[in-house]
Amino acid sequence: MKKRYGIHSLRFKLIAIYVVVQAMLLTGSIANRVIIVNDSLTKQIEVRIDGLKPLLNAALAPLVVQRDYAALQNILNEAVYVQGLKYIQIIDIHSKDMSWAGKIPDSFSEDQDVDEAQQDHIYDQEQPLTMANQLVGRVRFGISTHAIEQANIKALKQGAIFSLMIIVITVILLIIASGFLTRHLRSLAQGAQKIAEGDLDVIIISDAKDEVGDTARAFNTMVTSLKTAREEMRILNEQLEQRVIERTEQLVMVNRELEAFSYSVSHDLRAPLRGIDGFSQALLEDYDNTLDDSGKAMLNRVRAASQRMAQLINDLLNLSRVTRHEMRIEPVDLSLLAHSIAHDLQHAHPERQAVFSIMEGLSTHGDPRLLRIALENLFNNAWKFTSKYTHADIQLGMYHDSGEAIFFVRDNGAGFDMTYAGKLFSPFQRLHTATEFEGTGIGLATVQRIIHRHGGRIWVQAAIGQGASFYFTLPYMQYNPIGQ
Amino acid sequence: MPLKIILLVEDNPDDEALTLRALKKNNIRNEVVVARDGVEALDFLFATGAYADRDIRIMPQVILLDLKLPRVDGLEVLRRLRADDRTKCLPVVILTSSSEEVDIIKSYHLGANSYVRKPVDFEQFMEAVRHLGLYWLILNENPSLL
């Protein structure tokens, strides 16, 4: 669509400026010409009058002295007719009118036209008539300035017509020239508009050898490099997308393999263990008489080993389940969870004396199932490592540090040497021998994974014989209550 | 009146032996029919194939069904049981090694009556079998099958 700029177009502005400037210049020059014409004509008249004076004196003075009225009248008539004088009048030394011709101003002549008198400006002159240096009379005459005015008007008219013609011609030329200029500018503007709309297949054809042509060529170069850049970007993007697709496929495949693997572990690794344990038990039962105590002890060790293996498999599966588990974020009351876990622990070991100090109202957002597993592991740990103490004290609390909520589970149990704290959260890492405290070394790895999945951190403070404190944050969930 | 039949669908001979031992140790003297894969189990239930001569009116009191089975797996067996009027109401207890959540959910969706994980510890396994026998063979009432 062709855009119309109207009076805002560059073309219109150029022409308007030109017309104003030209009109000013021409007006000046016309005025100047009129002044020059006027001056030169006035001078001509004056020169003519100066040339006329001695002639008039020579011709008229003797006749005035002789009082030859008829001859005077003849000359005057002739003068009015020939010299283009408006009037001529002879006055004697007594200021008496001797003779005249033409229309005398201030006369009472009836046929004097008022309009004509106004239009017809007269250049009045009075001149003494002398003979032998003696004043004999005076001659008055008036020369019409009509010619000057006519010449002025003519000069003005000619100037105006000439100016108008110049203006019209140059406006036409300007329209053509600016049309050429603005056509290129317009195609540049249209090209830029197309690019703005995302169409890069724009080429501006311009064979102009001027700045506009340069601009068009620069524009084309820009479009070409833009196109190249966009094409490169597109290719890069495609490659990236392809890579993402490939990686995602790989990930999906690995994930599926992992699923299949843990499914298979879950099913197939347990069955042989059940066989080992079951048949060992069968041996113990059916061959009770033939087996000596050492043989029975060995079989019991086989059974214990298979059961430990089963426990390992269970813990490993739980760890992988924690990773694969799809998070569902809900409000979670950690205090309530802790109470329930504490109740279960106390119920399972009623003989133990333990105090649970659980801070009330510890609510956060997270996956309730995962958070339960994490708290269970931490409480089980605390429970386990306080088992050799008569009074177990297990706490769940929270404090704020730099505006961040930090939860902790603290016990007064065996504790450990902080030198090895770094290993604590890796699977299968244990800081106690199996005879001291049983365990697979997967519990804390599971806890760490759960905290990490909630965007939090976990760390520990402990000392041998002085218990351990596990600190963790769940920041991500506090800021994104419904996010994942 | 003949004793109520138990159908044990189990492909692992060790598990089969241990299950039979656990039943025996718990004084459960019912006849146990063992099917070693899903096809055999379906043949028995619908009196086809090797069991073509069987009296189809005699249905097991309970089916102990493993999930990982050769040929036709446990879930498929369950699906076909529930799709057939003759076996629609039979009590099916999934007795398997895993307690993968997907398995549990699928089993119940397909109409399993119970889901029991076989413990590795034989004593716990014995206990589980004892509970199963007590519940499904004595306490539980099945609709009479015609």
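Attention here is on the structure that accompanies the text. (Residues numbered from 1 in each chain as written. Chains lettered and ligands numbered in written order. Predicted model: local features only at pLDDT ≥ 70, side-chain atom pairs only at ≥ 80, totals over all residues. Heavy atoms only, no water.)

A closer look at the overall build of chain A
Check the secondary structure of chain A and you find 10 helices and 11 strands. For 484 residues, the compact-globule estimate of 2.2 N^0.38 gives 23 Å, and the C-alpha radius of gyration of chain A, at 62 Å, exceeds that figure by more than 25%. In terms of overall dimensions, chain A has C-alpha extents of about 200 × 50 × 40 Å along its principal axes. Across the 484 residues in chain A, those meeting the buried criterion constitute 35%. Counted over contacts in chain A with a minimum sequence separation of 6, partners at least 24 positions apart contribute 65%. (Helix = DSSP H or I, 4+ residues; strand = E, 2+ residues; numbered from the N terminus. Rg over C-alpha atoms; globule rule 2.2 N^0.38 Å. Buried < 20%, exposed > 50% of the residue type's maximum accessible area, 1.4 Å probe, protein only. Contact = heavy atoms within 4.5 Å.)

Description of the overall build of chain B
Each helix and strand in chain B was counted, giving five helices and five strands. Along chain B, from the amino end to the carboxyl end, the secondary structure elements read β-α-β-α-β-α-β-α-β-α. Here chain B has a C-alpha radius of gyration of 14 Å; the compact-globule value for 146 residues is 15 Å, and the two agree. Over its C-alpha atoms, taken along the principal directions, chain B stretches across nearly 40 × 35 × 25 Å. A buried classification covers 54% of the 146 residues belonging to chain B. By sequence separation, contacts in chain B at least 24 residues apart represent 63% of the contacts at least 6 residues apart. When the accessible surface of chain B is summed, it comes to about 7,200 Å², and 53% of that surface belongs to carbon and sulfur atoms. Distance between charge centres in chain B, computed from 19 positive and 23 negative side chains, equals 3 Å. (Areas by Shrake-Rupley, 256 points an atom, 1.4 Å probe, with all protein chains shown as cover. Lys, Arg positive; Asp, Glu negative; His and termini not counted. Charge placed at Lys NZ, Arg CZ, Asp CG, Glu CD.)

Re the nonpolar core
Nonpolar side chains tend toward joint burial in soluble globular proteins. All names here are of chain A. Ranked by size, the top nonpolar core spans 41 residues in total, and within it L334, L375, F379, L396, F470 and F472 carry the most contacts. Mapped by element, the contributors of at least two residues to this core are α7 (334–348), β6 (354–358), α8 (368–385), β8 (392–401), β9 (404–411), α9 (443–453), β10 (458–462) and β11 (468–472). Among the elements that make up this core, the one with the highest residue count is α8 (eight residues). In contact with F379, other than residues within four places in its own chain, are A338, I341, A342, L345, F356, I394, L396 and V409. (Core = buried A, V, L, I, M, F, W, Y, C linked by side-chain atoms within 4.5 Å.)

What to know about unusual backbone geometry
Phi is positive for A132 of chain A, which is not a glycine, with a value near 55 degrees. By the element assignment, A132 of chain A lies in the loop between β3 (122–131) and β4 (134–144). A residue is classified by how much of its surface remains accessible, and A132 of chain A, at 77% relative accessible area, is exposed. A positive phi angle, near 65 degrees, is found at R71 of chain B, a position not held by glycine. With respect to the helices, strands and loops of the structure, R71 of chain B is situated in the loop between β3 (62–65) and α3 (74–83). Using a relative accessible area of 64% as the deciding quantity, one classes R71 of chain B as exposed.

Some thoughts on the pattern of salt bridges
Inspection of every chain in the model, using the stated rule, returns 30 salt bridges over all chains. The closest approach of N and O atoms between R138 of chain A and E126 of chain A, which form a salt bridge, is 3.2 Å. You can see R138 of chain A sitting in strand β4 and its partner E126 of chain A sitting in strand β3, a full 12 residues away along the chain. Of the residues examined, R138 of chain A reaches a relative accessible area of 23% and is grouped as partly exposed. One salt-bridge network, held together by shared partners, links R274 of chain A together with E10, D15 and K118 of chain B. (Salt bridge = Lys/Arg side-chain N within 4 Å of Asp/Glu carboxyl O.)

Examining the interface of chain A and chain B
Each partner contributes to the interface: chain A provides 27 residues, whereas chain B provides 23 residues. At the boundary of chain A with chain B, total buried surface from both sides reaches about 2,100 Å², with 47% on carbon and sulfur atoms. On the chain A side of the interface with chain B, the three residues burying the most area are Y263, H267 and R274 of chain A, jointly 33% of the side's total. Connecting chain A to chain B are eight salt bridges. (Buried area = accessible area lost by both parts, 1.4 Å probe.)

Overview of the sheet that holds β4 of chain A
All names here are of chain A. As summarised here, the arrangement of the four strands in space is β2-β1-β4-β3, forming an open sheet in which the pairing is antiparallel. This sheet does not close on itself; its edge strands, each paired only once, are β2 (97–102) and β3. On average, each strand axis in the sheet is tilted by 15 degrees relative to the strand beside it, whichever way the strands run. As paired strands, strand β1 (residues 85–92) and β4 are joined by seven bridges and run antiparallel to one another. For I90, the partnering residue across the bridge sits in β4 and is V139. Strands β1, β2, β3 and β4 of the sheet are contacted by helix α1 (residues 10–66), whose axis makes an angle of about 40 degrees with β3. (Pairing = 2+ DSSP bridges. Axes fitted to C-alpha atoms, helices over the stretch in contact; angles between N-to-C directions.)

Focus: the packing of α7 of chain A against α8 of chain A
All names here are of chain A. Where α7 meets α8, the axes come as close as 10 Å, and the angle between the chain directions of the two elements is 45 degrees. One finds that α7 runs oblique with respect to α8. Considering how the two elements wind past one another, α7 and α8 form a crossing that is right-handed. Note on element contacts: α8 touches α7 through P368, L371, R372, L375, E376, F379, N380 and W383, opposite L334, L337, A338, S340, I341, A342, D344, L345 and Q346. (Parallel < 35°, antiparallel > 145°, perpendicular 65-115°, else oblique. Left-handed = near helix turned anticlockwise from the far one by under 90°.)

Some points on the environment of N142 of chain B
Take N142 of chain B: it is sitting in the segment after α5 (122–139). Through-space distance from the C-alpha of N142 of chain B to that of K25 of chain B is 25 Å; in sequence the pair is 117 residues apart.

Overview of a nonpolar patch on the surface
Residue and element names in this part refer to chain A. Together, I161, M165, I169 and L173 make up a nonpolar patch on the protein surface, roughly 410 Å² of accessible area in all. Note that L173 resides in helix α4 (residues 146–196). Judged by relative accessible area, L173 falls into the exposed class, the value being 53%. (Patch = residues over 30% accessible without salt bridge, like charges linked within 9 Å, V, L, I, M, F, W, Y side chains within 5 Å.)

Here's the deal with the pairing of strand β1 (residues 6–9) of chain B
Residues and elements named next belong to chain B. Side chains of β1 alternate between two faces, with I6 and L8 and L7 and V9 buried alike. Pairing between β1 and strand β2 (residues 32–35): four bridges, direction parallel. Along β2, the bridge assignment pairs V9 with A35. When β1 meets β3, the two strands line up parallel, connected through four bridges. Paired with V9 across the two strands is L65, which belongs to β3.

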